[in-house]
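# Examining the three-dimensional arrangement
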Amino acid sequence: MIVDSHCHILPPDFASRHDELTDRDATYAALFPDSGGRFADAVQLLRDMDVSGVNHAVAMGFGWTDPDIAAQVNDYLIQSSLAQPDRITAFASVNPAWGEAAVCEASRCLDAGAVGIGELHADSQGFDIGDPTVMSPLMTLLRARNAPIVVHASEPVGHQYPGKGSSTPDLLLQLAKNFPANRIVFAHLGGGLPFYAAMPEVADALKNVWYDTAALPYLYRPSAIAAAATIAGADRVLFGTDYPLLKHRRVIDHVRSAGLPQSDTDAIMGANACSLVNPGDQPMETLPDYLEPGLDIVLIGLNPSTRSVRAGHYFANPRNRFWSALTAANFVGRPVGPGDDASLLADGIGFTDVVKRPTSQASGLTAADYRRDAPTLREKLLSHVPRIACFHGLTAYRAYLRHGEGIKNAGNLQLGRQDLLIGSSRVFVLPNPSPANARYSLNDLAFWYLELNRWRAELAS
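Remember, predicted model here, so these are calculated numbers, not experimental data.

For the rest of this paragraph, the subject is the overall build of the protein chain. Counting its regular elements, the protein chain contains 18 helices and 13 strands. By the compact-globule yardstick of 23 Å for 461 residues, the protein chain fits well, its C-alpha radius of gyration being 24 Å. Structurally, the protein chain occupies a C-alpha span of about 75 × 45 × 40 Å along its principal axes. Relative to its 461 residues, the protein chain shows a buried fraction of 55%. Across the protein chain, every contact between residues at least 6 apart in sequence was considered, and the portion connecting residues at least 24 apart equals 76%. Looking at the protein chain, you have 38 positive and 48 negative side-chain charges, and the mean spots of the two groups are 10 Å apart.

Attention now moves to the packing of aromatic side chains. Geometry of an aromatic ring pair is reported as the spacing of the ring centres plus the angle between the planes. All told, the structure shown has 20 aromatic pairs when counted by the stated rule. Seen in terms of ring centroids, Phe-391 and Tyr-400 are 5.3 Å apart; in terms of plane orientation they differ by 40 degrees. Their pairing is tilted. In this structure, Phe-391 and Tyr-400 share a single accessibility class: buried. An aromatic cluster of at least three residues, connected via ring pairs, comprises Tyr-290, Tyr-314, Phe-315, Phe-322, Trp-323, Phe-331, Phe-351 and Tyr-449.

Take the sheet that holds strand β5 (residues 149-151) next. With respect to topology, eight strands assemble into an open sheet ordered β1-β2-β3-β4-β5-β6-β7-β8, the strand pairing being parallel. With one partner strand each, in any of the chains shown, β1 (3-8) and β8 (237-238) form the two edges of the open sheet. Bridging between β5 and strand β6 (residues 184-186) involves three bridges; their strand directions are parallel. The partner of Val-151 across the bridge, within β6, is Phe-186.

On to empty space enclosed by the protein, then. One simple way to see leftover space: roll a probe sized like a water molecule over the atoms. Counting across every chain of the model gives one cavity of 30 Å³ or more. The calculated volume of the largest cavity comes to roughly 40 Å³. Lining of the largest cavity is provided by Ser-5, Val-58, Phe-91, Val-150, Val-185, Leu-238, Ala-273, Leu-276 and Val-277. Sort the elements by how many residues they give to the lining of the largest cavity and helix α13 (residues 262-277) lands first, with three residues. Residue classes in the lining of the largest cavity are distributed as eight nonpolar, one polar and no charged.

For the rest of this paragraph, the subject is the sheet that holds strand β9 (residues 297-301). Hydrogen bonding along the main chain pairs the strands of a sheet, whether they run parallel or antiparallel. Taken in spatial order, the five strands line up as β10-β9-β11-β13-β12 in an open sheet, and their pairing is mixed. In the strand order of this sheet, the two ends are held by β10 (349-353) and β12 (416-417), each with one partner.

Overall, the coordinates contain 25 salt bridges when judged by the stated rule. Of the charged contacts, one joins Arg-108 and Asp-75 as a salt bridge, the two residues approaching to 2.9 Å between their closest N and O atoms. A residue pair is termed long-range when its members are at least 10 positions apart, and Arg-108 in helix α5 (residues 100-112) and Asp-75 in helix α4 (residues 67-83) qualify at 33 residues. A relative accessible area of 33% means that Arg-108 is categorised as partly exposed. Residue classification places Asp-75 among the partly exposed positions, given a relative accessible area of 30%. Arg-249 is paired through a salt bridge with Asp-253; the nearest N and O atoms lie 3.5 Å apart. Pair noted here: Arg-249 and Asp-253 are both in helix α12 (residues 248-256), with a separation of four residues, about one helical turn. A cluster of three or more residues bridged by salt bridges with shared partners is formed by Asp-13, Arg-17, Glu-20, Arg-24 and Asp-66.

Here we take up the packing of α5 against helix α7 (residues 132-145). Direction vectors running N to C along α5 and α7 enclose 20 degrees, while the axes themselves pass 9 Å from each other. It follows that α5 is roughly parallel to α7 by the angle criterion. Seen from above, α5 lies across α7 with right-handed handedness. Residues Val-103, Ala-106, Ser-107, Leu-110 and Asp-111 of α5 pack against Pro-137, Leu-138, Leu-141, Leu-142 and Arg-145 of α7. For the contact of α5 with α7, the class distribution of residues is seven nonpolar, one polar and two charged.

Now for the nonpolar core. Ranked by internal contacts, the top residues of the largest apolar core, which has 84 residues, are Ile-149, Leu-175 and Phe-186. Here this core takes six residues from α4, the largest share from any one element. Residues within four places of Phe-186 in sequence aside, it is in contact with Val-151, Ala-153, Leu-172, Leu-175, Leu-193, Val-209, Trp-210, Tyr-211 and Asp-212. If you look at the next biggest cluster of nonpolar residues, it comprises 56 residues, including Leu-291, Val-309, Leu-377 and Tyr-397.

With that settled, the discussion passes to the layout of surface pockets. Each pocket or cavity is described by its volume, and for the second largest pocket that value is around 800 Å³. Lining of the second largest pocket is provided by 34 residues; of these, Leu-302, Asn-320, Ala-362, Asn-432 and Ser-434 occupy positions nearest its centre. Elements represented by at least two residues in the lining of the second largest pocket include exactly α14 (306-311) and α17 (394-404). Grouping the constituent residues of the lining of the second largest pocket by class yields 15 nonpolar, 16 polar and three charged.

How each quantity is defined
- Residues numbered from 1 in each chain as written.
- Predicted model: local features only at pLDDT ≥ 70, side-chain atom pairs only at ≥ 80, totals over all residues.
- Heavy atoms only, no water.
- Helix = DSSP H or I, 4+ residues; strand = E, 2+ residues; numbered from the N terminus.
- Rg over C-alpha atoms; globule rule 2.2 N^0.38 Å.
- Buried < 20%, exposed > 50% of the residue type's maximum accessible area, 1.4 Å probe, protein only.
- Contact = heavy atoms within 4.5 Å.
- Lys, Arg positive; Asp, Glu negative; His and termini not counted.
- Charge placed at Lys NZ, Arg CZ, Asp CG, Glu CD.
- Phe/Tyr/Trp six-rings, centres within 6.5 Å; stacked < 30°, edge-to-face > 60°.
- Pairing = 2+ DSSP bridges.
- 1 Å grid on protein atoms, 1.4 Å probe; cavity = no way out; pocket = protein on both sides within 12 Å on 5 of 7 lines; lining within 4 Å.
- Points joined across faces, edges and corners; volume = space filled by probe spheres on them.
- Nonpolar A, V, L, I, M, F, W, Y, C, P; charged D, E, K, R; others polar.
- Salt bridge = Lys/Arg side-chain N within 4 Å of Asp/Glu carboxyl O.
- Axes fitted to C-alpha atoms, helices over the stretch in contact; angles between N-to-C directions.
- Parallel < 35°, antiparallel > 145°, perpendicular 65-115°, else oblique.
- Left-handed = near helix turned anticlockwise from the far one by under 90°.
- Core = buried A, V, L, I, M, F, W, Y, C linked by side-chain atoms within 4.5 Å.

Have a look at this one:
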């Protein structure tokens, strides 16, 4: 199966509106400086897909600056995908600089049938892609909706072309670091970013990032595809054309001439994109970390339950009292449930675990699990520097101390505030809200969340 993960279609009347669109939209003006540019609508896209043997296309607009133009294109993309659901998937375009309006438009489009957001063009849209304040509202929505985002990328060297811009690997890396739980696609092979994944610290920050081959015959020799697949992983590369700038066959031949094993080529040509736009079809191996730099609190469990992993949310077992206790304590000022885990990042609260391997019971964990994952947890906390690292249960905290800090005899530990600092992060221990921990009632648990919230306020003042 061949999936073009990056192509552009526009409403049929756009070809006759060049002067109007140039005056109204900075991105249109940058990408189409002359009338008679390469345009295609859904009918032409399907015709060219059939000629080249492309089974499916992810169709998107550009990073529009005019909200009305964006809405017109988004509606056309969604209508096209609904008319041809087996052939076209729609990504909608918004501008993060619009603030709440961007979130509203993105939410409207996702509700209407769009699957992701893209393509963003930071230069023409006039926002700083490395600024978490600008990006956070949109990225929080996409994380909660499990929707990917496509971002234009550019090389710091090489020839200039219309719309190249300056979204270079350093800025893209910062975006990935700021929002590690979001699924991000960097177009045009990420401006060369995957080549830096040979650095361990860069590779760690790019675990939820993909790179597409859009317009690659203009930019790189086929050997660049092979290098990206070798360094970043063939599962991280997506076939994309930038159609109608390039016809499908030219990019297909470019990818296939990279000399990769057939299994890697097959993954790049279609399987990777299917996994990205249809994540529900792929079994989740564990729960994602919801971490960002400078959070107030990171809540740390012992490890995910298999039930939570199947549901895709922390503490998803309805018998677990975590969400009920958090609501009873009015921890974030509103009722919350498992579906709110990702969105709590906007409230300064993140989630992770001592061990990431899921088990049906904690007794299924092994010493090797702790030795492998506890040091990684320490690195995550040192990297993201939350104000408070909060462990759920003394068992989780003792396991971290032994395998993350090398403290084999922690003595008589008690719940609440701890003397240990992890970097500059304070440490707090809550009772485990598991239904197996019958020693603590719901009221008891709510009391401890109130204590945690009091300390949070005290440290913030």
